[in-house]
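Remarks on the overall topology
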Amino acid sequence: MLTTQPVLRYKQPERHYDVIIIGGGLHGLAAAYNLARYHHVKRIAVLERRYIGFGGSGRNTEMVRSNKRAHETLPFYKESLEMWDGLSAELEWNLLVQKKGLIALAHSDGELAAMRMLSDSQRRAGIKIDMLSPGEIKKMVPSLDVSDRTALPIFGAQFHPEGGTVHHDAALWGYAKAAARWGVDICAGVEVTGFNIEGGKVTGVRTTAGNIAAGKVHVAVGGYSSEIARMLGVKFPVVTIPMQVMTTEVMAPFLDYYVASPRLHWYTQQTLKGDLILGGQLDPWQSWNSNTTWQECSERVAFILEYFPDLAHVRVVRSWSGLCDCTGDSAPVMGPSGIEGLSLDIAWGYYGFKSTPACGKYAAEYIATGKVPEKIKHFGLDRFYNRQRVREIII
Amino acid sequence: MPFLIDCPNCGRRSPYEFKFGGECKQPPKPEADVKAWCDYLYFNENMSGVQEEWWYHAMGCRSWLKVRRNTVTHEISKE
């Protein structure tokens, strides 16, 4: 007889832990897994107020890439993208890593020139980048309209061959299973309501399941970071903005690459299942509401139809939205919080999914050693006071 | 449409006619130190609940409004 074993059993939190991680998303679970496996921390709890993967981890568009701009962040994103390759074997769980390549379209000469400069920055960091002509794009994506008919004709594109997709739920369960195997207590349905701080040092958290003492506390709550800030009586340099995503009905395979237009704020890819994922624009206002709107759906669809006219008969079947806590400089906040024993991994905006493996690695290293690792030293909260904001771009 | 905004000049209008201007903040005094100005510029309360915020009616009367909105439910409340 076939028996089904649950993939994971949630636990009730105990009264004391060495490290408590707030947030049972990809970043929290990755940090927990790395702490347990590589830094030999014995007693770790991941506290999640709803269920693991409720937030951005299960709501993103599964894109992994490293074609960013700032020299401070490029080595980090590059390492993260490379880490996805070995992760399925390491976590013993197939993450469906598919590095299919990413095409970013340019709609004017000026944009193409800016893209060439961007490409040079990326090549200097060791990232593979090619420029494509409209003819080459047409050969790779035959369904794309590269003619002069479109509202903003395509002048060329940047090709990022190592970019691609990873199944986000697979990644989440892979990390959760691996963390549980290495002895991490994953406690869902436990909401943190406050912190116990004595003499500038965090000694534990107050939760809906009672007080829990901890040597160190790590905040990895994704878009909900400002709620933690209010418990601490501080402010974070973020604004929470939702991003909406849609999927279409399932079709036969026709689109081999991830295609994006940074100018018109759309991107699309065909998943392994066959549906298209459409997205690319943050909502025009700050909100903690994850409803979706007809306006956003119709605008994305209109832009994408302009370049994929053959999709005119295809229906959008589902849409959802996730919260992004965005900083002004499009770079995250990682490292010390100003309170001893409390570390931050927040402000990941809409680029948190692709950074998960490196984030887990360096967050764990920081928690275990207390020293800020070289690769995340530019992500500190103090950069907003020292005029050292990261020169990152919004794509 | 997620909600409607009461414009005193134009009536109840779609938020897509407006430009969102962020939460209302009190700027520091001109003689305040750099830290106070950095706090003002970059750090936000980012309220999950009722907050007072700026909206610019770009496709209407082109005036700036202060609106009290619940950022979780999108409910607009009178003062």
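Residues numbered from 1 in each chain as written. Chains lettered and ligands numbered in written order. Predicted model: local features only at pLDDT ≥ 70, side-chain atom pairs only at ≥ 80, totals over all residues. Heavy atoms only, no water.

Some words on the overall build of chain B
For chain B, the count of helices and strands is one helix and six strands. Counting from the amino terminus, chain B carries its helices and strands in the arrangement β-β-β-α-β-β-β. Once the C-alpha set of chain B is aligned to its principal axes, its extents read approximately 40 × 25 × 20 Å. Each of the 79 residues in chain B was classed as buried or not, and the buried ones make up 34%. Contacts in chain B between residues at least 24 apart in sequence constitute 45% of all its contacts with a sequence separation of at least 6. Carbon and sulfur atoms make up 53% of the accessible area of chain B, which amounts to about 4800 Å² in all. Measuring between centres, the 11 positive side-chain charges of chain B sit 5 Å from its 11 negative side-chain charges. (Helix = DSSP H or I, 4+ residues; strand = E, 2+ residues; numbered from the N terminus. Buried < 20%, exposed > 50% of the residue type's maximum accessible area, 1.4 Å probe, protein only. Contact = heavy atoms within 4.5 Å. Areas by Shrake-Rupley, 256 points an atom, 1.4 Å probe, with all protein chains shown as cover. Lys, Arg positive; Asp, Glu negative; His and termini not counted. Charge placed at Lys NZ, Arg CZ, Asp CG, Glu CD.)

Here we look at helix α1 (residues 26–38) of chain A
Residue and element names in this part refer to chain A. Here α1 contains 13 residues, and its C-alpha end-to-end distance of 17 Å stays within 8% of the 18 Å for a straight helix at 1.5 Å per residue. Most of α1 sits out of view: 11 of its 13 residues are buried. Just beyond α1, the residue with positive phi is H40, at close to 55°. (Expected span 1.5 Å × (residues − 1).)

What about unusual backbone geometry?
All names here are of chain A. One non-glycine residue, H265, adopts positive backbone phi at about 55°. If you trace the backbone, H265 turns up in the loop between β13 (258–261) and β14 (266–270). Looking at H265, the relative accessible area reads 33%, which means it is partly exposed. Although it is not a glycine, R387 sits at a positive phi angle of roughly 55°.

Concerning the pairing of strand β12 (residues 239–248) of chain A
All names here are of chain A. Across the 10 residues that make up β12, a large majority, nine, are buried. Bridge analysis of β12 against strand β16 (residues 316–326) gives 10 bridges, and the strand direction is antiparallel. Across the sheet, the residue bridging to I241 is C324, located in β16. Examined bridge by bridge, β12 and strand β15 (residues 276–279) share two bridges and lie antiparallel to one another. Residue pairing in the sheet places M246 in a bridge with L278 of β15. (Pairing = 2+ DSSP bridges.)

Describing the interface of chain B and chain A
Opposite the 24 residues of chain B that make contact, chain A presents 22 residues. Across the chain B to chain A interface the summed buried area is about 2200 Å²; carbon plus sulfur atoms make up 54%. Three residues stand out in chain B for area buried against chain A, namely Y16(B), F43(B) and N46(B), and they jointly supply 32% of the buried area on that side. The tally of links between chain B and chain A comes to one salt bridge. With its nearest N and O atoms 3.2 Å apart, the salt bridge here joins E45(B) to R230(A). Applying the counting rule to chain B against chain A returns 16 residue pairs in polar contact (both at pLDDT 80 or more). Residue assignment for the side of chain B that touches chain A shows that the elements contributing at least two residues are β3 (19–23), α1 (34–42) and β4 (50–56) of chain B. (Buried area = accessible area lost by both parts, 1.4 Å probe. Salt bridge = Lys/Arg side-chain N within 4 Å of Asp/Glu carboxyl O. Polar contact = N/O pair within 3.5 Å; in protein donor to acceptor, adjacent residues only side chain to side chain.)

What about the sheet that holds strand β5 (residues 64–70) of chain B?
All names here are of chain B. Here four strands make up an open sheet; going across it, the order is β3-β4-β5-β6 and the pairing antiparallel. Edge positions in the sheet fall to β3 and β6 (76–77), since each has one partner strand and no second. Pairing geometry for β4 and β5, over seven bridges, is antiparallel. By the bridge assignment for β5, W54 is matched with K66.

A word on the packing of aromatic side chains
Tallied over the full model, the rule gives 28 aromatic pairs over all chains. With 6.1 Å between their ring centres and 40° between their planes, F76(A) and Y362(A) make a pair best called tilted. Taken together, the residues F76(A) in helix α2 (residues 74–91) and Y362(A) in helix α8 (residues 356–369) connect sequence positions 286 residues apart. Accessibility expressed as a relative area gives 0% for F76(A), which makes it buried. Residue classification places Y362(A) among the buried positions, given a relative accessible area of 7%. Here the aromatic rings of F3(B) and W55(B) are separated by 5.9 Å at their centres, their planes lie at 75°, and the arrangement is edge-to-face. In this pair, F3(B) is assigned in the segment before β1 (5–7) and W55(B) in strand β4, connecting sequence segments 52 residues apart. In this pair, the class of F3(B) matches that of W55(B), namely buried. Members of the aromatic cluster, joined through ring pairs, are F76(A), Y77(A), W348(A), Y350(A), Y351(A), Y362(A) and F379(A). Seen from the ring of Y224(A), R49(A) lies directly overhead, with NZ or CZ sitting 5.2 Å from the centre. (Phe/Tyr/Trp six-rings, centres within 6.5 Å; stacked < 30°, edge-to-face > 60°. Lys NZ or Arg CZ within 6 Å of the ring centre and 35° of its normal.)

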